[in-house]
Amino acid sequence: AQSVTQLDSQVPVFEEAPVELRCNYSSSVSVYLFWYVQYPNQGLQLLLKYLSGSTLVKGINGFEAEFNKSQTSFHLRKPSVHISDTAEYFCAVKWSGAGSYQLTFGKGTKLSVIP
Amino acid sequence: EADIYQTPRYLVIGTGKKITLECSQTMGHDKMYWYQQDPGMELHLIHYSYGVNSTEKGDLSSESTVSRIRTEHFPLTLESARPSHTSQYLCASSESGGRNEQFFGPGTRLTVL
């Protein structure tokens, strides 16, 4: 079965420092890639997505991610984090050959921004 | 405003009770989904629907049932709640087509005592 691995369950980082949240997936066949953010007691909100084209994708709130097909990775980055970025971040992958409903999620990474 | 709504947001209930979690969307999406989310775990799809009168079970086995009588409404029902059903339930919707992202509601946190 296809899988999504978020390598860090928790990432503490000081305010205004850069951060990278890592995501790897199990197969290099054609994929669509997503990053979602979940603030406490809320649903998931889309940060950015990769469908095709440029491997560097820019999203909301200053986040960006880079699709690396050879390493089957889609790491999320932000050059300078704010307190308001404290949340849980989920990587999700849709394999284009799978059923179109099938979005596979990682276990999430909790980002804690330290003032 | 186009959005996706879930009620109740929080529910504490005793074992054996019948419950229905409501989900409605005003985005005109054909596809709707129910996920179960436990702390520290990935989201697991328990039900999905491609449109009215279409419902399918997802990857995670669930004792809940769903219905899709109207495009905008996708309620989830547990006939007899048990403590093992304690979890967060997230509803989502999307346009047709594999490239489209899913939009999520705020979730219902269910606790069964």
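Scroll up for the structure.
Before going into details, it helps to say that this report is about the structure given with it.

### Notes on the packing of aromatic side chains
Link 1 in the chain: As enumerated under the stated definition, the model contains eleven aromatic pairs over all chains in all.
Link 2 in the chain: Measuring from ring centre to ring centre gives 6.0 Å for Tyr36 of chain A and Phe105 of chain A, while their planes differ by 45°; the resulting arrangement is tilted. A residue pair is termed long-range when its members are at least 10 positions apart, and Tyr36 of chain A in strand β5 (residues 31-38) and Phe105 of chain A in strand β11 (residues 104-105) qualify at 69 residues. By the burial criterion, Tyr36 of chain A is buried, and Phe105 of chain A matches it.
Link 3 in the chain: Note on Phe105 of chain A and Tyr35 of chain B: the rings are 5.6 Å apart at their centroids and 85° apart in plane angle, and the pair reads as edge-to-face. Remark: Tyr35 of chain B occurs in strand β4 (residues 31-37) and Phe105 of chain A occurs in strand β11; the pair is interchain, linking two chains. Just as Phe105 of chain A is buried, Tyr35 of chain B falls in that class too.
Link 4 in the chain: Joined through ring pairs, the aromatic side chains of Phe34, Tyr36 and Phe105 of chain A together with Tyr33, Tyr35 and Phe104 of chain B make up one cluster.
Link 5 in the chain: Here the guanidinium or amino end of Arg68 of chain B rests over the ring plane of Phe74 of chain B, the centre of that ring lying 5.9 Å away.

### Re the pairing of strand β9 (residues 73-78) of chain A
Side-chain positions along a regular strand alternate between the two faces of the sheet.
Residues and elements named next belong to chain A.
Link 1 in the chain: By the criterion of burial, β9 is predominantly enclosed, with five of the six residues buried.
Link 2 in the chain: Pairing of strand β3 (residues 19-21) with β9 involves three bridges; the strand directions are antiparallel. By the bridge assignment for β9, Leu21 is matched with Leu76.
Link 3 in the chain: As defined by bridge partners, strand β8 (residues 64-68) adjoins β9 across five bridges and the pair is classed as antiparallel. Paired with Glu64 across the strands is Arg77, a residue of β9.

### So, unusual backbone geometry
Link 1 in the chain: Thr7 of chain B connects to Pro8 of chain B through a cis peptide bond whose omega is -10°.
Link 2 in the chain: Residues other than glycine seldom take positive phi values, yet Glu16 of chain A does so here, at roughly 75°.
Link 3 in the chain: Along the polypeptide, Glu16 of chain A turns up in the loop between β2 (10-14) and β3.
Link 4 in the chain: Given a relative accessible area of 61%, Glu16 of chain A falls into the exposed group.
Link 5 in the chain: Phi angles above zero are rare outside glycine, and Asn53 of chain B is one such case at about 65°.

### Some thoughts on the pairing of strand β9 (residues 87-94) of chain B
Residue and element names in this part refer to chain B.
Link 1 in the chain: Of all eight residues making up β9, eight are buried, and the element is well covered by its neighbours.
Link 2 in the chain: Burial of the side chains of β9 extends over both faces: Ser87, Tyr89, Cys91 and Ser93 are buried on one face and Gln88, Leu90, Ala92 and Ser94 on the other.
Link 3 in the chain: Note that β9 and strand β11 (residues 108-112) share three bridges and pair antiparallel. Residue pairing across strands places Tyr89 opposite Thr108, the latter belonging to β11.

### What to know about the interface of chain B and chain A
Link 1 in the chain: In this assembly, 24 residues from chain B lie in contact with 21 residues from chain A.
Link 2 in the chain: Buried area between chain B and chain A, both sides added, is near 2,000 Å², and the carbon and sulfur share of it is 49%.
Link 3 in the chain: Together, Glu42, Arg99 and Glu101 of chain B form the three largest contributors to the area buried by chain B at its contact with chain A, with a combined 27%.
Link 4 in the chain: Counting every contact that joins chain B to chain A gives one salt bridge.
Link 5 in the chain: The closest approach of N and O atoms between Glu101 of chain B and Lys49 of chain A, which form a salt bridge, is 2.6 Å.
Link 6 in the chain: On inspection of chain B and its partner chain A, the count reaches seven residue pairs in polar contact (both at pLDDT 80 or more).
Link 7 in the chain: For the side of chain B that touches chain A, the secondary structure elements donating two or more residues are β4, β5 (44-51) and β9 of chain B.
Link 8 in the chain: For the side of chain B that touches chain A, the class distribution of residues is eleven nonpolar, seven polar and six charged.

### Things to note about the state of the cysteines
Link 1 in the chain: Enumeration according to the criterion identifies two disulfides over all chains in this entry.
Link 2 in the chain: Here Cys23 of chain A is linked by a disulfide to Cys91 of chain A, with a sulfur-sulfur distance of 2.0 Å. Taking the sign of the S-S torsion, -65° for the link of Cys23 of chain A and Cys91 of chain A, the bridge is left-handed. With a gap of 68 residues between them, Cys23 of chain A in the loop between β3 and β4 (24-25) and Cys91 of chain A in strand β10 (residues 87-95) connect regions that are remote in the sequence. Both residues of the pair, Cys23 of chain A and Cys91 of chain A, belong to the buried class.
Link 3 in the chain: In this model, Cys23 of chain B is linked to Cys91 of chain B through a disulfide, with the two sulfur atoms separated by 1.9 Å. Its S-S torsion of about -75° marks the bond between Cys23 of chain B and Cys91 of chain B as left-handed, since a negative value means left-handed. Of the two residues, Cys23 of chain B sits in strand β3 (residues 19-25) while Cys91 of chain B sits in strand β9, which places them 68 residues apart along the sequence.

The rules behind the values
- Residues numbered from 1 in each chain as written.
- Chains lettered and ligands numbered in written order.
- Predicted model: local features only at pLDDT ≥ 70, side-chain atom pairs only at ≥ 80, totals over all residues.
- Heavy atoms only, no water.
- Phe/Tyr/Trp six-rings, centres within 6.5 Å; stacked < 30°, edge-to-face > 60°.
- Helix = DSSP H or I, 4+ residues; strand = E, 2+ residues; numbered from the N terminus.
- Buried < 20%, exposed > 50% of the residue type's maximum accessible area, 1.4 Å probe, protein only.
- Lys NZ or Arg CZ within 6 Å of the ring centre and 35° of its normal.
- Pairing = 2+ DSSP bridges.
- Contact = heavy atoms within 4.5 Å.
- Buried area = accessible area lost by both parts, 1.4 Å probe.
- Salt bridge = Lys/Arg side-chain N within 4 Å of Asp/Glu carboxyl O.
- Polar contact = N/O pair within 3.5 Å; in protein donor to acceptor, adjacent residues only side chain to side chain.
- Nonpolar A, V, L, I, M, F, W, Y, C, P; charged D, E, K, R; others polar.
- Disulfide = S-S within 2.5 Å.

These figures come from the coordinates and say nothing about function on their own.
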